[in-house]
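Chain by chain, the residues run as shown.
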Amino acid sequence: MSSALTDLCRYPIVQAPMAGGASCPQLVAAVSEAGALGFLAAGYKTADGMYQEVTQVRGLTSRAFGVNLFMPQPGHADAAAVDVYRHQLAGEANWYDTPLGDPDAGRDDGYEAKLAILLDDPVPVVSFTFGCPTRETLDAFARVGTYTVVTVTSAEEALAAQLAGADAVCVQGVEAGGHQGTHRDDPGTDACGTGLLALIAQVREAVQIPMIAAGGLMRGSQIAAVLAAGAQAAQLGTAFLVCPESGAHTLHKQAMTNPLFTRTELTRAFSGRPARGLVNRFMREHGPYAPAAYPEVHHLTSGLRKAAAAAGDPQGMALWAGQGHRLARELPAAQLVEVLTTELRAAAATLALRGAA
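Everything numeric in this text was worked out from a predicted model, so none of it was measured. (Residues numbered from 1 in each chain as written. Predicted model: local features only at pLDDT ≥ 70, side-chain atom pairs only at ≥ 80, totals over all residues. Heavy atoms only, no water.)

## Considerations on the packing of helix 10 (residues 220-229) against helix 15 (residues 333-356)
Then, number 1: Where helix 10 contacts helix 15, the axes come no closer than 7 Å and their chain directions differ by 55 degrees. Taken together, helix 10 and helix 15 sit at an angle that is classed as oblique. Where helix 10 crosses over helix 15, the handedness of that crossing is right-handed. Listed contacts from helix 15 to G220, S221, I223, A224, L227 and A228 of helix 10 are L340, E343, L344, A347, A348 and L351.
Then, number 2: Looking at side-chain class alone, the contact of helix 10 with helix 15 contains 9 nonpolar, 2 polar and 1 charged residues. (Axes fitted to C-alpha atoms, helices over the stretch in contact; angles between N-to-C directions. Helix = DSSP H or I, 4+ residues; strand = E, 2+ residues; numbered from the N terminus. Parallel < 35°, antiparallel > 145°, perpendicular 65-115°, else oblique. Left-handed = near helix turned anticlockwise from the far one by under 90°. Contact = heavy atoms within 4.5 Å. Nonpolar A, V, L, I, M, F, W, Y, C, P; charged D, E, K, R; others polar.)

Laid out in structure tokens, this is it:
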């Protein structure tokens, strides 16, 4: 690990920021206390809500942790396409007896207000998803001593992040659960995602800043593989989602290893942006028709997803999951970090022996 990353945590393991509730203060603090790097997800929260969670984490641990921000989305989606999708979802609204949300509820996720809080009262790490901040923003964080990370899905995005002044990039392979952190949402590239190991190699040749690898990682041996490929740390989301400290809904946690859910797919059905989740009824019925309209579709379906969870119906929920979801282990966060670290050391020792042979 680079010295800056080494200073942040004892082990090269990062708990992914999972928007929607999973990355709650209890999980973040437990991960950081165990020697890895916990991450709060500020996405979909108000600026004050984010601040309250930061305060909670500080009350639970003195170790380093991070906060992830969603970048504001440029432009507006095709209103006609969103309206067509709204009509298609009318049956869901009737079924769950809940109104559809307002697609125009906001596009910036309170970005500027969150920046102001994090610059006024700095946290150790801030990462960005769905785009790259300006040089001015990244320089401002550098001045207050915050380490910055930009999520990237291509070598081109990684280079843009380096040129803007990011300290590191989170290299996200197509295997990752939840939203793909592409900087530009292009429907023409929906089926063109790059696997993590190939992406690490491409980014490694394009930039000099450290890489955090993310995408389907569930075992210490996989962490060893991405470190050997050139990453300085590994980011895991689905692996931590099932921990008892996670704020994910119980149905979401159970679905990870439920034989009813056999595979994952990328879909726009729930948010209007490509995101990987367990294939369920909602995804099958609406995924083929969902428009490229984020965050409009997210706002539109938000109430439906909450109503499905309240009704105990995982077939109507966004069950975000990486490709390795069947390998999930329901362990306390600290124990999971310990197990992953033990597996990592064993795999690294095996690699060293093979290299010496």
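## Quick word on the pattern of salt bridges
Then, number 1: For the structure shown, the criterion picks out 12 salt bridges.
Then, number 2: With its nearest N and O atoms 2.4 Å apart, the salt bridge here joins E296 to R107. Taken together, the residues E296 in helix 14 (residues 296-310) and R107 in the loop between helix 5 (90-96) and helix 6 (111-120) connect sequence positions 189 residues apart. There is no split in this pair, since E296 and R107 are both buried.
Then, number 3: For R268, the salt bridge goes to D185, with nearest N and O atoms at 2.8 Å. (Salt bridge = Lys/Arg side-chain N within 4 Å of Asp/Glu carboxyl O. Buried < 20%, exposed > 50% of the residue type's maximum accessible area, 1.4 Å probe, protein only.)

## Brief notes about the side chain of R281
Then, number 1: Relative to the elements of secondary structure, R281 occurs in helix 13 (residues 281-286).
Then, number 2: At 3.2 Å, the side chain of R281 and the side chain of Y96 are in polar contact.
Then, number 3: Dropping the residues within four chain positions of it, R281 is found in contact with E92, Y96, Q315 and G316. (Polar contact = N/O pair within 3.5 Å; in protein donor to acceptor, adjacent residues only side chain to side chain.)

## Regarding the packing of helix 2 (residues 25-33) against helix 3 (residues 47-60)
Then, number 1: Axis separation between helix 2 and helix 3 bottoms out at 9 Å; the angle between their running directions is 40 degrees. As the angle between them shows, helix 2 and helix 3 are arranged oblique. Handedness of the crossing formed by helix 2 with helix 3: right-handed. Where helix 2 abuts helix 3, its residues P25, Q26, V28, A29 and E33 lie against E53, Q56, V57 and L60.
Then, number 2: Looking at the contact of helix 2 with helix 3 residue by residue, the classes come out as 5 nonpolar, 2 polar and 2 charged.

## Examining the packing of aromatic side chains
Then, number 1: Going through the model one piece at a time under the given rule, you end up with 6 aromatic pairs.
Then, number 2: Ring geometry for Y44 against F70: centres 5.2 Å apart, planes inclined by 80 degrees, an arrangement best described as edge-to-face. You can see Y44 sitting in the loop between strand 2 (38-41) and helix 3 and its partner F70 sitting in strand 3 (residues 65-70), a full 26 residues away along the chain.
Then, number 3: On the accessibility criterion, F70 (9% relative accessible area) is buried.
Then, number 4: Three or more aromatic residues link up through ring pairs in this structure, and these residues are Y44, F70, F130 and Y294. (Phe/Tyr/Trp six-rings, centres within 6.5 Å; stacked < 30°, edge-to-face > 60°.)

## Quick word on helix 15
Counting along an α-helix, one turn takes 3.6 residues, and residues three or four places apart therefore face a common direction.
Then, number 1: Taking 1.5 Å as the rise per residue, helix 15 with 24 residues should run 34 Å; its terminal C-alpha atoms sit 34 Å apart, in good agreement.
Then, number 2: Those residues of helix 15 lying buried are A333, L336, V337, L340, T341, L344 and A347. (Expected span 1.5 Å × (residues − 1).)

Honestly, it's all geometry; don't read function into it.
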